[in-house]
Amino acid sequence: HPSQQHTLLIISKRFTTSSNAHTRASRRTTHTTHTKQRATFFTMASAVVVSNNSNPVTTNTRDGAQPAFDPTDAKHQVSPQFAPDKEKTWNHTKEQDGWVHAHDSLRREMKMMIKALKACKSRGGGIKFWEANCIKQFWGTHFSHVHAHHHNEDEIMVPFLKTRFVYPEKTITDHEGLEAHLDKLCAAVDGLKAGQGVANLCDLMVAYEEMMLPHLLEEEEQCLPLARAYFTAAEIAPKVQEILGHGPKEEIGSLIASMGVERWRKEFMPQEGIPGFVWFLDFKGRHKAFLKNFETPVEGVTAGVEPAAASGCCA
């Protein structure tokens, strides 16, 4: 039917990935296939939805709890024209939020990579050729994901959110340190060869996780409540539409793997108003790509078993 074909065409266009070159020259040199992509709708959708709980959020640090963070405090307000009274327009909890799901997928990837490298290190001796290739493949997939996530925040969403509230500056400047550490990891992975050890790479990966975890938590405890307090869902929607369909396909695949296919299809897709048939049209392929390019190689290195040639990874 013509109207159905038109609908499918629109959905297909909105959920088809596209490539755009990133700006960091060093990244283009060392990770060409993984850095020519930009962030997806779901990362950005997650960057604007926060908890239904109107109580101030307690920020936890290694030194203990700090004073509760209150997104309605007047010090965050840019103009009297925009009051922090929009929380009621959001319909799901922090735990159900897209931003939290995006962060969970990054946390999961870091945990899996560290486990793989520690297992590889414990076996002793130099790594095999296939192990080096697998490490490069799962790292490249993660790098593409996290770089897109940061670009999404820094270049698209944060400037928009700043029009109504004072955005927590530390969460922005944190990206500079993280990007510098990502450069070190990229260099270490790019130089990895058969016969070498992975002790240094493992240490760099652990340090990376130690930097990322508090950063992700801080965004969840401060930026999310502020976004929800100052913007309605309808006001955020155009920004979400702006970045629909742009990004590495493995990014959404990671979200699906982190949540689980059934929960993704039965909970998250209806929550975001995504038609069920889009699973078959687009998401199923993205999930498959993530399994191939991240989970298969990382699990192979963890177990010390080379992935089957039929998997198409680590070649």
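Worth saying up front: this structure is predicted, and the values here are computed from it rather than measured.

### A closer look at the nonpolar core
Ranked by internal contacts, the top residues of the largest apolar core, which has 38 residues, are I135, F138, W139, M205, Y208, M212 and V301. F138 has contacts with M113, A116, N293, F294, P297, V298 and V301, leaving out every residue within four places of it along the chain. Formed by 18 residues, the second largest nonpolar core is a distinct cluster that contains W90, V158, C223 and Y230.

### Comments concerning a positive patch on the surface
Residues K249, R265, K284, K288 and K292 make up a contiguous surface patch of positive charge. Relative to the elements of secondary structure, K249 occurs in helix 9 (residues 249-259).

### Structural notes on the confidence of the model for the chain
Looking at the chain, pLDDT values average 80 and 76% of them are 70 or higher. No element of the chain has a lower mean pLDDT than helix 3 (residues 41-46), which averages 37, and none a higher one than helix 7 (residues 199-230), which averages 96. Low pLDDT (under 50) marks residues 1-62, which in the prediction has 178 contacts with non-local residues, meaning those over four places away or in another chain.

### Quick word on helix 6 (residues 169-190)
Every α-helix carries 3.6 residues per turn, so stepping three or four residues along brings you back to the same face. Counted at 1.5 Å a residue, the expected span for helix 6 with its 22 residues is 32 Å, and the 32 Å between its end C-alpha atoms agrees. Those residues of helix 6 not exposed but buried are T171, I172, D174, H175, L178, E179, H181, L182, L185, C186 and V189.

### A word on the environment of Y208
Locating Y208 in the fold gives a position in helix 7. Excluding residues within four positions of it along the chain, Y208 makes contact with M110, W139, H142, V146, H181, L182 and L185.

### Details of the pattern of salt bridges
Opposite charge on two side chains permits pairing when their charged atoms draw close. Tallying each qualifying case throughout the model produces 12 salt bridges. Among the salt bridges present, the one from E87 reaches R228, with a minimum N-O distance of 4.0 Å. Remark: R228 occurs in helix 7 and E87 occurs in the loop between strand 2 (64-65) and helix 4 (98-122); sequence separation between them is 141 residues. You can call E87 buried: its relative accessible area is 18%. Taking the shortest distance from any N to any O, the salt bridge between E220 and R107 comes out at 2.9 Å.

### Overview of the packing of aromatic side chains
The relative placement of two aromatic rings is captured by the distance of their centres and the angle of their planes. Considering all chains together, one arrives at 10 aromatic pairs under this definition. With a centroid separation of 5.2 Å and an interplanar angle of 15°, the aromatic rings of F290 and F294 are classed as stacked. One end of the pair is F290 and the other is F294, both in helix 11 (residues 278-303) and 4 residues apart, which spans about a single turn. Judged by relative accessible area, which is 0%, F294 ranks as buried. Grouped by ring-pair contacts, the aromatic residues F160, F165, Y167, Y230 and F231 constitute a single cluster.

### Quick look at the environment of G98
Tracing the backbone through its elements, the reader meets G98 in helix 4. On the basis of relative accessible area, G98 is assigned to the buried category, the value being 3%.

Basis of the calculations
- Residues numbered from 1 in each chain as written.
- Predicted model: local features only at pLDDT ≥ 70, side-chain atom pairs only at ≥ 80, totals over all residues.
- Heavy atoms only, no water.
- Core = buried A, V, L, I, M, F, W, Y, C linked by side-chain atoms within 4.5 Å.
- Buried < 20%, exposed > 50% of the residue type's maximum accessible area, 1.4 Å probe, protein only.
- Contact = heavy atoms within 4.5 Å.
- Patch = residues over 30% accessible without salt bridge, like charges linked within 9 Å, V, L, I, M, F, W, Y side chains within 5 Å.
- Areas by Shrake-Rupley, 256 points an atom, 1.4 Å probe, with all protein chains shown as cover.
- Salt bridge = Lys/Arg side-chain N within 4 Å of Asp/Glu carboxyl O.
- Lys, Arg positive; Asp, Glu negative; His and termini not counted.
- Charge placed at Lys NZ, Arg CZ, Asp CG, Glu CD.
- Helix = DSSP H or I, 4+ residues; strand = E, 2+ residues; numbered from the N terminus.
- pLDDT = per-residue confidence, 0-100.
- Expected span 1.5 Å × (residues − 1).
- Phe/Tyr/Trp six-rings, centres within 6.5 Å; stacked < 30°, edge-to-face > 60°.

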